[in-house]
Amino acid sequence: MSARTALLAALFTLSAAGPAAATSAADFLYDHATDGSNQPFRYFVPPGYDGAQAYPLILFLHGAGERGSDNEAQLRNNANGALSLLGDEQLALQPVFMIAPQCPTDGWWSGATLTSAIGLVDQVAAAYHIDPDRVYVTGLSMGGMGTWSAVTAQPARFAAAVPMSGNGATNAAATVAGLPMWFFHAANDPTVGVDGSDNLVAALRNAGASTIYTRYDTGGHGIWSVAYAHPLLFPWLVSQVRGGTGSPLPPLLRITSPTAASALSTEDALIDLAGSADNDGEPIESVAWDRAGGASGAAAGTTAWSADGIALVEGANLLRVTATTPSGHAAWGGHTTFNDALRVTRTGPPPQPGTVVAAINAGGDDWLATDGTPYAADAFYSGGSVQVSSHVVAGSDDDALYNDWRYGNFAYHIPVFDGRYRVELQFADTYNTAAGQRIFDVAIEGTTVLDDFDIIASVGADVATVRRFEVDVTDGTLDLVFTNGSAGSARIDALRVIRAGGDSIFANGFEG
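Description of the structure in this document. (Residues numbered from 1 in each chain as written. Predicted model: local features only at pLDDT ≥ 70, side-chain atom pairs only at ≥ 80, totals over all residues. Heavy atoms only, no water.)

### Description of unusual backbone geometry
Right, on to step 1. A cis geometry characterises the amide bond from P250 onward to P251, with omega recorded as 10°.
Right, on to step 2. Mapped onto the elements of the fold, P251 is located in the loop between α8 (233-238) and β9 (252-257).
Right, on to step 3. The peptide bond linking S257 to P258 adopts the cis configuration, its omega dihedral lying at 15°.
Right, on to step 4. Locating P258 in the fold gives a position in the loop between β9 and β10 (263-266).
Right, on to step 5. The backbone of N78 shows a phi angle near 55°, a positive value even though the residue is not glycine.
Right, on to step 6. For N78, the position within the fold is in helix α2 (residues 76-80).
Right, on to step 7. A positive phi angle is found at D462, which is not glycine, with a value near 55°.
Right, on to step 8. Turning to its location among the elements, D462 is positioned in the loop between α9 (455-459) and β26 (465-473).
Right, on to step 9. Note on D462: relative accessible area 23%, which makes it partly exposed. (Helix = DSSP H or I, 4+ residues; strand = E, 2+ residues; numbered from the N terminus. Buried < 20%, exposed > 50% of the residue type's maximum accessible area, 1.4 Å probe, protein only.)

Take a look at the structure:
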C-alpha cells in the first residue's frame, strides 16, 4: 500500500468515528524551556495520543507582532492561520504534535533564541513519543525568516520546511538543497518584499533542489490563513520523511527518463527527458525545461511530459524541469511552481586552451557582446541582489553589460572540467560617484584575489575595467566569492571563464 493510499485510508477510518472539535489555542498546554533560557512555549498533544506510536511534530515560529512573554500572543488569530494544520480533517489524516515558542519582545528567530526554540523538540520528545524523522518547521514573516534560519543552522534536524512571507541569506542554499520546502509569498507584499522568497527559491533551484513555490499575485503580507489552508499543504508536509525515505505526495514533478536518479554521465551531445507531474488532479498549465546558464524551452504534455533534443555542454550540466499550476486561491491569482533536477556530465575531452567555457551577464539577461561573446543570463549564483542603471560607460562598447549587476555578499559556483582557467571579472561602478563609497573583496577558489577593491579609485566612475586571474580547479566547480568590505557592497557586472593551458598567461596571475 502506498503512503498516499494509507493516509487516505486512515482519513476514512478515523472520520467515520464522527467529527472532532476544531483545534484552538485553548487546546495547547503551557510550558517553558528547561535549557536555561526559560523560553515560553505552548504545545499541542493530538487527541487520543498513544505512547506506543511515534508522532510527527510541527515547530511553528510566529511573526514579529506576537513577540513577548505572555505565552499567549503566538497563538492569536488561530496562530495567524497555522492552526489550519490541526483541523479535523488534518488530524484524522495524520495526528501531529505542534510546538509554538514565543520570541522575546526585542528578540528575533536567530542565535540563542532560535537554538532554544529548536531544542524544544527534544524537550517534548523526552515526554512524548515523537518520530525524529518527521519533524517539520514552518513560520510566517519573521517566522518565515526564522524557518530558513532554522534549516540552514541545523539542516539534518528537519524533514521539510514551509517558510511564508520571509527571506534569508542565500549563501547556504546548497547545504539544504536536499530538504523538501514549500514557499508562500505574495507579489504585492508591502512589508517583506517578494524578492526575499524569489531569491531563496532561485538559489535552491540553482543548487539542484526540487522546491515548491506558491507566489500569489495579490494578498499582501498576511497571506497565512489562506496559505496554511491550501488543500495539498498538510498531506504533502506529513508525507515527508527525513533523508527523503518517504513517499511524498503532490505537488510533485519527477524526471524518470533516461534515469530516475539525480545524476548521470553520457557521451551524447543531446539528451531526451521524460517524466510525470502530479497536482492531485488539479490543472497543470505547463511544463518547461531549462539548462542552468543556458537554453530553455517548453516540454510536451503536462501530467506525462517529454522534452527532446536538449543540447549539453561538455562537462557539468544542471537540467531542471518545472511545472506551473494555479496558486490554489483564485481570488489572489498567481501560480504554484514545482520542479525536479538532473545533473548530467557530458564526458569527452576537456576544452582546448582558449575556449570560453562560461560567460555570464551578472544580474542581467542574455547578451551578445560586440566581440561576439554570447553572455548567458545570470546563473550559478547564490546570494546577493540585482540592480540596474542606464549610464554611458567608458572603456566598453557594451554599455548594457555594465548597467545590470549583482551586489552584496554572494558567490558563483560554476561547473567546469578540472584544470587551469583564466577568470575575467568585469566591473564598472554606475551607482556611486566617488572613491571610498564601494570597497569589497573577491576570492577565487578560496584565495583572495581582490582585497579592499575600489572600482572608482582604480579607474573612475562609469568606466569599465577587467581584472584577470589564473586559477586551478580540482573539484569540478569554480568558486568565486564576493564579500562586502569597509564601505558599500560588493559588485560584479559580468564574468568570463576561459580554458588556460601551458605556462601562465600572466606572470603574476593578474592583468588590469
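### Brief notes about helix α5 (residues 142-153)
Right, on to step 1. A rise of 1.5 Å per residue sets the reference length of α5, with its 12 residues, at 16 Å; its end C-alpha atoms lie 16 Å apart and thus fit the reference within 8%.
Right, on to step 2. Inspection of α5 places M142, G143, G144, M145, G146, T147, W148, A150 and V151 among the buried residues, and these make up the whole buried set.
Right, on to step 3. Here the buried face of α5 lies against β3 (55-61), α4 (111-125), β5 (130-140), β6 (160-164), β7 (182-186) and α6 (195-206). (Expected span 1.5 Å × (residues − 1). Contact = heavy atoms within 4.5 Å.)

### As for the pattern of salt bridges
If the charged atoms of two oppositely charged side chains come close together, the side chains can form a pair.
Right, on to step 1. Taken as a whole and assessed by the stated rule, the structure comprises 15 salt bridges.
Right, on to step 2. Of the charged contacts in the structure, one is a salt bridge between D198 and R215, with a shortest N-O distance of 2.9 Å. You can see D198 sitting in helix α6 and its partner R215 sitting in strand β8 (residues 212-216), a full 17 residues away along the chain.
Right, on to step 3. The class for R215 is partly exposed, based on a relative accessible area of 29%.
Right, on to step 4. D429 is the partner of R438 in a salt bridge, and the nearest nitrogen-oxygen pair spans 2.9 Å. For the pair formed by R438 and D429, the shared burial category is buried.
Right, on to step 5. Because the salt bridges share partners, they merge into one network encompassing R422, E424, R468 and R496. (Salt bridge = Lys/Arg side-chain N within 4 Å of Asp/Glu carboxyl O.)

### Some thoughts on the nonpolar core
Right, on to step 1. Core analysis: the largest hydrophobic core is formed by 58 residues, its most contacted members being M98, M164, F184, Y228, L233, L273 and W305.
Right, on to step 2. For this core, the leading source of residues is α8, giving 5 residues.
Right, on to step 3. Those residues within four positions of L233 in sequence are excluded, and the remaining contacts are L85, V162, M164, W182, F184, A227 and Y228.
Right, on to step 4. By size, the runner-up hydrophobic cluster in this structure holds 40 residues, among which are Y43, C103, F158 and Y213. (Core = buried A, V, L, I, M, F, W, Y, C linked by side-chain atoms within 4.5 Å.)

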